[in-house]
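Reading the structure
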Amino acid sequence: MNELLLQDELATNDLGKRIANILLESDFNSVEIHLNGNLGTGKTFLVQSILRNSGWSNSVKSPTYTLCEEYEFNNMLFLHIDLYRTSEAEDILIFDLDRKTSGKKIIIIEWPERLTEPRFFDMKINLEHQEESRIVSFDVKSNLFLSLVAENV
């Protein structure tokens, strides 16, 4: 795992921009990112940054109560899932995450440790508080994000 120190929201936004650029430039049809971290570590802020830097211009809502928010634009489908309030297998099944799409499908799951069945992820990002900043560590399982990790070594 590789670590990165994010001093502030600007640095977190920069990370989101770098992830968005990788997603936009990739030829992967489906990408899954898992986000771990306690409340308030910036998981949802990072997702908002990824979406905005991918071209989404409308508001980005936290799926804390809805469990899933879908964003479809520019031949991409983003599924932003927050499992904080559930541990029921049926809750994740209703989102049909493995459905076929005509464009890119990007799945981002907050609180993936609550999944009742393990899922393959391309990258897992762990965010931890460190005073006013965040320590971010990466667990990369596919070649797609190797460049991101290489930048942080």
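Residues numbered from 1 in each chain as written. Predicted model: local features only at pLDDT ≥ 70, side-chain atom pairs only at ≥ 80, totals over all residues. Heavy atoms only, no water.

Focus on the environment of N2
Cut-off, in case you're wondering: Numbered from the N terminus, helices here are DSSP runs of H or I no shorter than four residues, and strands are runs of E no shorter than two. Think of it in three bands: with a 1.4 Å probe and only protein chains considered, a residue is buried below 20% of the maximum accessible area for its type, exposed above 50%, and partly exposed in between.
Structurally, N2 can be placed in strand β1 (residues 2–6). On the basis of relative accessible area, N2 is assigned to the partly exposed category, the value being 22%. Along the chain, N2 and S137 lie 135 residues apart, while their C-alpha atoms are 5.3 Å from each other.

So, the pattern of salt bridges
Selection criterion: When a carboxyl oxygen of Asp or Glu is within 4 Å of a side-chain nitrogen of Lys or Arg, the pair counts as a salt bridge.
The tally for this structure, following the rule as stated, stands at 6 salt bridges. Here R18 ties to D14 by a salt bridge, and the two come within 3.4 Å at their closest N and O atoms. Here D14 and R18 lie together in helix α1 (residues 9–25), a separation of 4 residues that amounts to about one turn. Using a relative accessible area of 35% as the deciding quantity, one classes D14 as partly exposed. Salt bridges linked by common partners bring E32, D98 and R119 together as one network.

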